[in-house]
Every structure is written in C-alpha cells, then in structure tokens.
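Remarks on the overall topology
Given next are the chains, with one letter for each unit.
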Number of protein chains: 2
Amino acid sequence: MYEGVVQDLIDELGRLPGVGPKSAQRIAFHILQSDPVDVRRLAHALTEVKEKVRFCAICGNVAQDEHCRVCQDPRRDIAVICVVEEPKDVVAIERTREFRGRYHVLGGAISPIEGVGPEDLRIRELLARLADGAVTELILATDPNLEGEATATYLARMVKPMGLKVTRLASGLPVGGDLEYADEVTLGRAFEGRRLLDV
Amino acid sequence: MYEGVVQDLIDELGRLPGVGPKSAQRIAFHILQSDPVDVRRLAHALTEVKEKVRFCAICGNVAQDEHCRVCQDPRRDIAVICVVEEPKDVVAIERTREFRGRYHVLGGAISPIEGVGPEDLRIRELLARLADGAVTELILATDPNLEGEATATYLARMVKPMGLKVTRLASGLPVGGDLEYADEVTLGRAFEGRRLLDV
C-alpha cells in the first residue's frame, strides 16, 4: 500500500507485541516526521540492547556485565532469594524498596498449555545456588495466577528436603483499590489472610 | 530502574505515539528476547525510512523518488484533485479503488487550538497547481471533524473565484454500521443526504 520503505517499517513495527496495524502506521508516520537524530537514537538503542545486554550468570536477571547490579551489590543479603518469573518482576520488587536479598529469575512459569515444563525454566540453576546451605529463605514471588501458583508449588515441593524457609507473597486487596470491584478469589484470599488490628 | 541500555531503549520507545511506559517495557523485553537479525531489520527499517523517504514535489504525499507513485502514474486523471490532510488518508482512499485522480496532501488541518493556521499547510502549493486551469474538480476530503470542516470551508472560499467544481465527501451512516449506535450528528447528516431509492 505504501511506498516500499514506509511499508517495510510498518511491517516491522507491527511485529512488536501490542502494536497493531493502526498503531504501526501511526508510529511510522510519527517517525517520518521526527528529527533524524531522534530516529537514529531509537535505532541505536535497539541494536545496543542486543549487543550489550546479557543475563546475569548468578540470577538470570538482565545485566550489562557478567553479573547484574543486584548480584554485584555487596550490601544485599545473600541468605534470602526471591524467585520471580521475569526480569521485569525484579524491577517491580526493587521499586518497593522492601526487599534486600537477591533474586532468581526463572524465565517464565510452568505452563502445560504453552508447552513450558520445569526443564525450560532456570530451576537447575536455582538448586545449585541452594546447594551450599547459605540461603535460609526462599520467597516464591511467581505471579498469583494458575501458572505462577503451579510453579511455586512445584518449587516448594522440590526444595522441601533442604529444610529452608519457603514463603509466598501475600494475596489480598490491592492498596487503594475498591472492595466492591475486587474479584471473588482475591476477596476470598483477603479474608483468609486477614490480620489482627493492633489498636 | 533497569541496566543502562535497557532503560535507554524503554525511554526511546516510550516517546513513540501510543506507547506508554508499560508497553515500552513490554516491547523492550520482547526485543531482548528476539533474534538479533529481526532487531537489526527493525533498526534498519527505521533509519532507511528517514534516509529514503521524502515528500512528493507535486502533491506532498510520501515518495521514494521526486514524485510519489500516484503522481508518477500517467493513467491518473490530472483534472481532479482530492485534498487530504495526511499521507495516510491517501492510502485509505487508494484502498477503495474509487478515485482515479490525483491528491494534494495539506499536512494537517486548520486548528487554532493547536496553533495550526492556513500558512502552516500546503495551501500555496495547491493554489499553484490550480493556476493553469487544467484541474476542473477539487474534492475536499479533509476529516469530517471541526478542524477538517473548517479547512474545507476555508479552501472552498479561497478557490471560489477560480470557478472550478468543489465537492466534499458525503457524510452518513457507515456501511455495516448499526443505526442505533450512530451519533446524532452523523444520523442528522444521513437524513439530510438521503437518496431517492430507484426500485
């Protein structure tokens, strides 16, 4: 439909997640009208990320060196490992400033429907990290959905013989949320996990 | 939040229209996990478009040569010019295969709120194209909204002394649409423009 290179760009943009044909077209025309310097910067950021980013040899998080920033930080508590599905979960948890241990990024969750089994996740690497007994608590922070729960249960059973403390993040009402809009499972979990108010 | 180059990419992606911080993050992680060849192709498409695409010297449409494909085509009727706001409107009209004339891309519509006046649009170039009297009909296909209507009225008044036929695309119910969901202005226009059924 468009002149060759414009159509090429629309096609390439349309392959990105969450970018439909209309957005791809809108972005392409935005690019056409933007400053060449900005476009070169975007193109450069794309290739840089492929060239420079690797995955941390310890935890599997994104890293620019052999180890990620968390694993490099000597102030982090090596006795606690928080297991997450993806690097973006690390960022979400870091934002809370609540956790001072280290992470282990699985690279997904067990999902028979999508053909992801335990052998496709970085579980062997996790067990190797637990082998020397330095870790005393494992926080299973996989997503609170079917796949995440299955993965957490699988891991909990697998590490049980090691005798370490295994925890799971609390489920409940989101802070600032509205009780009436909470789904029944979340509301049920919030009841189960109710805390005694100390007043 | 992220390691340098990942954050750079998220920032650059977040500048694109319709890409919020969450989508930028999702796209960045998609890029991280994609084949380097695909990423290089996207980066290349971005720079190519800036290097190779220019705007047609006649109509202002996107072009890879001095003139766009429509203006280069000797079979197109030079007596009819269809005036549109953006190159994507050309593509939308081309898709209908209804129009065999040429285009004139204004590069926007008159919008006092956004500070776009007639002098910011390619109106001088349009008047120059009409000067030799070869054009007999001007179809004003600017958007059927406030700015598009204002631009069409402005152009119609401006070319009135030239005595050519000036038309505007019909407003009415979208084909395949549902009468009950049509807004009242569209429905009103559909009544105004009602046609005699020849049965």
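Residues numbered from 1 in each chain as written. Chains lettered and ligands numbered in written order. Predicted model: local features only at pLDDT ≥ 70, side-chain atom pairs only at ≥ 80, totals over all residues. Heavy atoms only, no water.

**Focus: the sheet that holds strand β5 (residues 137-140) of chain A**
All names here are of chain A. Sheet architecture is open: 4 strands sit in the order β4-β3-β5-β6, paired in parallel fashion. Among the strands making up the open sheet, the edge pair consists of β4 (102-105) and β6 (165-168). Each adjacent strand pair in this sheet contributes to an overall mean axis angle of 25°, direction not counted. Judged from the 4 bridges that link them, strand β3 (residues 80-84) and β4 form a sheet pairing that is parallel. Bridge assignment links Ile81 to a residue of β4, and that residue is Arg102. Sheet strands in contact with helix α5 (residues 87-96) are β3 and β4, and its direction is about 155° off that of β4. Each of β3, β5 and β6 touches helix α7 (residues 146-159); the most contacted strand, β6, lies at about 170° to it. (Pairing = 2+ DSSP bridges. Helix = DSSP H or I, 4+ residues; strand = E, 2+ residues; numbered from the N terminus. Axes fitted to C-alpha atoms, helices over the stretch in contact; angles between N-to-C directions. Contact = heavy atoms within 4.5 Å.)

**Points about the interface of chain A and chain B**
Each partner contributes residues to the interface: chain A has 50 residues there, and chain B has 50 residues. Where chain A abuts chain B, roughly 5000 Å² becomes buried across the two surfaces, and 70% of that area is made up of carbon and sulfur atoms. Its salt-bridge partner being Glu12 of chain A, residue Arg41 of chain B comes within 2.8 Å of it at the nearest N-O pair. Taken together, the connections running from chain A to chain B amount to 12 residue pairs in polar contact (both at pLDDT 80 or more). (Buried area = accessible area lost by both parts, 1.4 Å probe. Salt bridge = Lys/Arg side-chain N within 4 Å of Asp/Glu carboxyl O. Polar contact = N/O pair within 3.5 Å; in protein donor to acceptor, adjacent residues only side chain to side chain.)

**Some words on the pairing of strand β6 (residues 165-168) of chain B**
Pairing of strand β5 (residues 137-140) of chain B with β6 of chain B, which is carried by 4 bridges, proceeds in the parallel orientation. When the sheet's bridge partners are listed, Leu138 of chain B is paired in β6 of chain B with Val166 of chain B.

**Notes on the environment of Ala170 of chain B**
By secondary structure assignment, the location of Ala170 of chain B is in the loop between β6 and α8 (184-192). Separated by 29 residues in sequence, Ala170 of chain B and Ala141 of chain B place their C-alpha atoms 9.5 Å apart.

**Remarks on the side chain of Ser111 of chain B**
Examined against the element boundaries, Ser111 of chain B turns out to sit in the loop between β4 (101-105) and α6 (123-130). Residues contacting Ser111 of chain B, with those up to four places away along its chain left out, are Val116 and Glu147 of chain B.

**As for the relation of the copies chain A and chain B**
After a rotation of 179° and a shift along the axis of 0.0 Å, chain A superposes on chain B with an RMSD of 0.1 Å. Taken together, the rotation angle and the small translation identify this as a two-fold axis. Relative to the rotation axis, the closest C-alpha in chain A is found at Ala43 of chain A, a distance of 2.2 Å. (Least-squares fit on C-alpha atoms with pLDDT ≥ 70 in both.)

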